[in-house]
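Structure at a glance
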Amino acid sequence: MNPDRFLIYTTVLTIMGLSNAVIPILPELAAQDHSSFGAFASSLLFSAYFLGALATMLPFGILSDRFGNLRFIGLGILLTAGSGLIILLSENLWVLLLARFVEGSACGAFFPAAFSTLSEYRNPGRYMGEFTFLLNAGLAAGTLFSGLLAETHLKGAIFIFTFMSFLLILLILPRNRELKSPGQAGKKTTENRSVVNSTIGNRNTEKRNTGNRNTGNRPDSISDPFKRAFGTLTAVFRGRNSRILLLSMLLNGGVGILIAYYPDYSADFLTKAQLGSSIASLYICAMITSLLIGRFSIGERTMIRIGIAFSALGAFLAIQYPFPGFSCLGGGSGIAIVGFSLAFARMDIDRGLAMGLFNTTIYAGLSLAPITAGLFTGVLSLEEIFLANGCILTGAFFLKE
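How each quantity is defined
- Residues numbered from 1 in each chain as written.
- Predicted model: local features only at pLDDT ≥ 70, side-chain atom pairs only at ≥ 80, totals over all residues.
- Heavy atoms only, no water.
- Axes fitted to C-alpha atoms, helices over the stretch in contact; angles between N-to-C directions.
- Helix = DSSP H or I, 4+ residues; strand = E, 2+ residues; numbered from the N terminus.
- Parallel < 35°, antiparallel > 145°, perpendicular 65-115°, else oblique.
- Left-handed = near helix turned anticlockwise from the far one by under 90°.
- Contact = heavy atoms within 4.5 Å.
- Nonpolar A, V, L, I, M, F, W, Y, C, P; charged D, E, K, R; others polar.
- Core = buried A, V, L, I, M, F, W, Y, C linked by side-chain atoms within 4.5 Å.
- Buried < 20%, exposed > 50% of the residue type's maximum accessible area, 1.4 Å probe, protein only.
- Salt bridge = Lys/Arg side-chain N within 4 Å of Asp/Glu carboxyl O.
- Expected span 1.5 Å × (residues − 1).
- Polar contact = N/O pair within 3.5 Å; in protein donor to acceptor, adjacent residues only side chain to side chain.

1. Concerning the packing of helix α6 (residues 124-149) against helix α14 (residues 322-345)
Closest axis-to-axis distance for the α6/α14 pair is 9 Å, and the angle between their directions is 130 degrees. Considering the angle they form, α6 stands oblique to α14. α6 and α14 meet at a crossing whose hand is right-handed. Across from P124, G125, M128, G129 and T132 in α6, the residues of α14 making contact are I337, V338, S341, L342 and A345. Of the residues assigned to the contact of α6 with α14, the class counts are six nonpolar, four polar and no charged.

Structure below.
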């Protein structure tokens, strides 16, 4: 396997595993310093991660176009290891909140650079499908290991994934020359080594040009790429691509609402084991569909529409049938995310900026939609909120191209 892909795949598994390793033990983490904030403290620990990712995803995506993707993949690894170590050792609520924000920032550094790198390969649909598969595998593993180890060692899963992040530091250290001169990374041969030599030569030239885009003809100051990005984003928001942004936010927001509120909603009819299995089915089905869809010759628009259709169906099913509902929701989101990643990668803007924008829509939906839904909990029941959520996803399916 290509070294860049191996590094990206192992890193996404580790980052996602650590991010979800805290979810089953949020109340215990919040109560360690005898805080009086109760459930609100748990929600803060949950949201701090997404806020960190939301705040940094787009700036880091812009900077990765200038300074090179590998540097920001490395930064993501370092921030993950540091935040994991702090969560492992600290019991202070405010320190934990800061660590979760830094952990989200690690995600913000890593994801745009990783998606940008994968989008440059010959078969990006397949590799983004594999990436999404491992992303969901990490989320499922973090939740599962944390639940299994919580009774014997509260932070056992956090230790596992923090240790893995330090191993990744050892993996990236030998590539310090590429970190210092990221343009040289493009000189390495990429995927499909069985292709004839002339094809390999052409692909290496393409990768070199991509690397030179990041290092040659640099602007006079760091502010210049942000100014250009602002103008580019303004054009994106005004054009047809704005619909892609909206669809991505709506889909991920729908997923976030169900995950955030289903534990309270299901308290009277599901055990913790049943609840955990139902939510885990979301990630498992997303793993399967994201891996399979990239191997079919289907356009990104078709992928998005199929994914949203299954997600809307799952949102309605989950109200009464949690396991099939979450399974359908996960399967649809896995298909749609691959379609979204391809759609953003093919925008006529820098790849780092495009992938930063893509991931920003994901974390905007996951962080802001549950907060927005919370404003209506005083006037609507959770079942009515879930019904509205399903209707919004259905409306997204019928949104004109």
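2. Topic: the nonpolar core
In this structure, M16, F110, F111, F131, Y262, F340 and Y363 are the most contacted members of the largest nonpolar core, which totals 90 residues. Here F111 is in contact with V12, M16, M57, F131, L135, N359 and Y363, once residues within four sequence places are set aside. By size, the runner-up hydrophobic cluster in this structure holds 19 residues, among which are A21, A30, A99 and A157.

3. What about the pattern of salt bridges?
Using the criterion set out here, one finds three salt bridges in the structure. In this structure, E103 and R100 form a salt bridge, with 3.3 Å as the shortest nitrogen-oxygen distance. Linking E103 with R100, this pair stays in helix α5 (residues 93-119), spanning three residues, or about one helical turn. Take R100: its relative accessible area is 3%, and that puts it in the buried class. With its nearest N and O atoms 3.2 Å apart, the salt bridge here joins R126 to E130. Here E130 and R126 lie together in helix α6, a separation of four residues that amounts to about one turn. Overall, R126 belongs to the partly exposed group, its relative accessible area being 30%.

4. Description of helix α1 (residues 3-21)
Counting along an α-helix, one turn takes 3.6 residues, and residues three or four places apart therefore face a common direction. With 19 residues, α1 extends 27 Å between its outermost C-alpha atoms, agreeing within 8% with the 27 Å of an ideal straight helix rising 1.5 Å per residue. The element α1 is largely enclosed, with a buried count of 15 among its 19 residues. Backbone nitrogen of D4 and a side-chain oxygen of the N-cap are separated by 2.8 Å at the start of α1; the cap is N2.

5. What about α5?
Taking 1.5 Å per residue as the helical rise, α5 with its 27 residues ought to reach 39 Å, and the 39 Å between its terminal C-alpha atoms agrees with that figure. Most of α5 is tucked away: 22 of the 27 residues are buried. Among the residues of α5, the N-terminal cap falls to N92, whose side-chain oxygen and the backbone nitrogen of W94 are separated by 2.9 Å.

6. Quick look at the side chain of S119
For S119, the location among the structural elements is in helix α5. Here the side chain of S119 touches S116 through a polar contact of 2.7 Å, landing on its backbone oxygen.

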